Amino acid sequence: MADTQAQIALEQLRLQRAALADFGLFAFQCNDIDAVLTRAVELVSEALDVPLVKVLEHLPREGKMLVRAGVNWERGVVGHETFADHRGSPGGYALRAEHPVVSTDLDHEDRFETPDMLRRHGVRSMVNVIIAGEAGAFGVLEVDAREQRDFGEDEIAFLRTYANLLAGAIERIRSHHELRRAAREQGVLARELGHRVKNLLGLIKALASLTPTEGRSAQDFRTLFVERLQALSAAEDLVFGGSGEQADLGKLAEDVLAPYRQDDPGRIRIEGGTARLSARRARMFGLALHELATNAAKYGALCGSDGTVRLAWHVDETPAGEGRISLIWQERGGPAVTPPDRKGFGTRLLQDVIAHELNGEAKLVYESAGFSYELDFPVERP
């Protein structure tokens, strides 16, 4: 009799060692958490000769524990059944224990209540072992026996080793996925940065070619060109210096127009609600505002002491559910306004280039009361 029990014990030990070895190799090669958990419960079931084994994943935000993986449970349990994570449930109690929780007879268990699902499957005894994690326990490895069973020290030690091995596999897979995600994001950022730089260089080239040289000295050309580059820079700073990939239209307007408002902010009234522009559109909008303010300071409402400017916009919803920004730059109190004889750089920039880049429509209005610029373009969805 003693020899038979010793042989059984040796066979169980062999199965447990084989389970650890097989799982260690599988967990090292696999990068799918669900596949690793499923293989884990299968090997534990074989090694301990217990049909019912499961892994409970702790979902702290929901206050629940999900049956993430399991073997020999009825259909609809794995991936769906949940238990509370408080002390009144087996898994919740195990989460707060510093050692494996063994219940040899659930009929006499007074530390927690036995869930109906376990009763339905005829569970009489169980062992719960924590699956640790760097940021908190992943959950619990639970072995459920249909007969009353007194799990021995060797079996509990095996389960603790197995749970630790499982925890390491989960952390490795999570780290691997995080590294892959970070690598993908870096690749996307690099491509986006290259695209932005290419667009910006193209715009700078266009500004250089469109800026007229006739009748100007090299110093005049340089001054005019640098001013326009500074307007671009202000828009770029708002996008890259902010917390997202978009710039606020109001903040952009205040920054670009700040040099023209520092002595008397009331001369340029800025009115409008919150509107977000992508990097490309913010860049073009900043350039448009700079051009308008520069022209107003040289020839329009801001060249004298009594003129004023009103910059206003609002966002409308179209019948198709898309938003559009309608904006007006309106000058009053300046010199008499007359339409230009020819289409210069500023006109081409405001009416053709800006409207095209914003996929909108622009109109320059020359009235005796003052110059106005109207711009209408669609809102880009994030």
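Placed above this text is the structure.
Okay, so let's go over this structure. Quick caveat: nothing in here was measured; it's all calculated off a predicted structure. (Residues numbered from 1 in each chain as written. Predicted model: local features only at pLDDT ≥ 70, side-chain atom pairs only at ≥ 80, totals over all residues. Heavy atoms only, no water.)

1. Quick notes on the overall build of the chain
So, point 1. For the chain, the helix and strand inventory stands at nine helices and 13 strands.
So, point 2. Within the chain, buried positions represent 41% of all 382 residues.
So, point 3. Of all intrachain contacts in the chain linking residues separated by at least 6 positions in sequence, the fraction that spans at least 24 positions is 60%.
So, point 4. Summing over all exposed atoms, the chain offers an accessible surface of approximately 20,600 Å²; the carbon and sulfur share of this is 50%. (Helix = DSSP H or I, 4+ residues; strand = E, 2+ residues; numbered from the N terminus. Buried < 20%, exposed > 50% of the residue type's maximum accessible area, 1.4 Å probe, protein only. Contact = heavy atoms within 4.5 Å. Areas by Shrake-Rupley, 256 points an atom, 1.4 Å probe, with all protein chains shown as cover.)

2. As for the packing of aromatic side chains
So, point 1. Here the structure, examined in full by the defined rule, presents three aromatic pairs.
So, point 2. Ring centres of Phe158 and Tyr162 lie 5.5 Å apart, and the angle between their planes is 55 degrees; this geometry places the pair in the tilted category. Remark: Tyr162 and Phe158 occur in helix H5 (residues 153-210); sequence separation between them is four residues, near one turn of the helix. By the burial criterion, Phe158 is buried, and Tyr162 matches it.
So, point 3. A centroid spacing of 5.3 Å and a plane angle of 50 degrees characterise the contact between Tyr366 and Phe371, whose relative ring orientation is tilted.
So, point 4. With a relative accessible area of 29%, Tyr366 lands in the partly exposed category.
So, point 5. Here Phe371 falls in the buried class, since its relative accessible area comes to 11%. (Phe/Tyr/Trp six-rings, centres within 6.5 Å; stacked < 30°, edge-to-face > 60°.)

3. So, the pattern of salt bridges
So, point 1. Tallied over the entire structure, the rule returns 17 salt bridges.
So, point 2. Notably, a salt bridge pairs Asp376 with Arg324, separated by 2.6 Å at the nearest N-O pair. With a gap of 52 residues between them, Asp376 in strand S13 (residues 370-378) and Arg324 in strand S11 (residues 323-332) connect regions that are remote in the sequence.
So, point 3. Under the relative-accessibility criterion, Arg324 is labelled partly exposed at 25%.
So, point 4. One salt-bridge network, held together by shared partners, links Asp105, Asp107, Arg119 and Arg124. (Salt bridge = Lys/Arg side-chain N within 4 Å of Asp/Glu carboxyl O.)

4. Observations regarding unusual backbone geometry
When glycine is set aside, most residues are seen to have a negative phi, and most peptide bonds are trans.
So, point 1. Positive phi is not limited to glycine here, since Asp49 has a value of about 55 degrees.
So, point 2. Structurally, Asp49 can be placed in the loop between helix H2 (33-48) and strand S1 (52-59).
So, point 3. A residue is classified by how much of its surface remains accessible, and Asp49, at 63% relative accessible area, is exposed.
So, point 4. Even without glycine at this site, Asn359 takes up a positive phi of about 60 degrees.
So, point 5. Of note, Asn359 is situated in the loop between helix H9 (345-358) and strand S12 (361-367).
So, point 6. You can call Asn359 exposed: its relative accessible area is 55%.

5. Some thoughts on the sheet that holds strand S4 (residues 101-103)
So, point 1. Spatial ordering of the open sheet is given by S3-S2-S1-S6-S5-S4, a layout of six strands whose pairing is antiparallel. In the strand order of this sheet, the two ends are held by strand S3 (82-84) and S4, each with one partner. For this sheet the average axis-to-axis angle between neighbouring strands, irrespective of direction, equals 25 degrees.
So, point 2. Two strands pair when backbone bridges link them, and strand S5 (residues 125-131) and strand S6 (residues 139-145) are joined in this way by seven bridges, in the antiparallel orientation. By the bridge assignment, Val129 is partnered in S6 with Leu141.
So, point 3. Each of S1, strand S2 (64-71) and S6 is contacted by H2, which is oriented at about 65 degrees to S2, the strand it contacts most. (Pairing = 2+ DSSP bridges. Axes fitted to C-alpha atoms, helices over the stretch in contact; angles between N-to-C directions.)

6. Describing the nonpolar core
So, point 1. Counting 37 residues, the largest nonpolar core has Leu277, Leu289, Leu311, Trp329, Ile354, Tyr373 and Leu375 as its most contacted members.
So, point 2. Looking at this core element by element, the count peaks at nine residues for helix H8 (residues 279-298).
So, point 3. Ignoring sequence-local partners within four residues, the contact set of Leu289 consists of Ala253, Val256, Leu257, Leu311 and Trp329. (Core = buried A, V, L, I, M, F, W, Y, C linked by side-chain atoms within 4.5 Å.)

7. Comments concerning H2
So, point 1. An ideal rise of 1.5 Å per residue puts 22 Å on 16 residues; H2 measures up with 23 Å between its terminal C-alpha atoms.
So, point 2. Where H2 is concerned, the buried positions are Ile33, Val36, Leu37, Ala40, Val41, Leu43, Val44, Ser45, Ala47 and Leu48.
So, point 3. Of the residues that open H2, the one with a side-chain oxygen 2.9 Å from the backbone nitrogen of Asp34 is Asp32.
So, point 4. Residue Asp49 follows H2 closely and has a positive phi angle near 55 degrees. (Expected span 1.5 Å × (residues − 1). Polar contact = N/O pair within 3.5 Å; in protein donor to acceptor, adjacent residues only side chain to side chain.)

8. A word on the sheet that holds S12
So, point 1. The sheet built from five strands is open, its strands ordered S8-S10-S11-S13-S12 with mixed pairing. A strand with exactly one partner marks an edge of an open sheet, and here the two such strands are strand S8 (268-272) and S12. Geometrically, the sheet is characterised by an average inter-axis angle of 10 degrees between neighbouring strands, direction not taken into account.
So, point 2. Pairing of S12 with S13 involves seven bridges; the strand directions are antiparallel. Among the inter-strand pairings, Glu367 is bridged to a residue of S13, identified as Gly370.
So, point 3. Lying over the sheet, helix H7 (residues 249-261) contacts S8, strand S10 (308-317) and S11, oriented at roughly 180 degrees with respect to S8.
So, point 4. Together, S10, S11 and S13 form the strand contacts of H8, whose direction differs from that of S11 by roughly 15 degrees.

9. Details of the pairing of S5
So, point 1. Most of S5 is tucked away, with six of its seven residues classed as buried.
So, point 2. Note that S4 and S5 share three bridges and pair antiparallel. What sits directly across from Val101, in S5, is Asn128.

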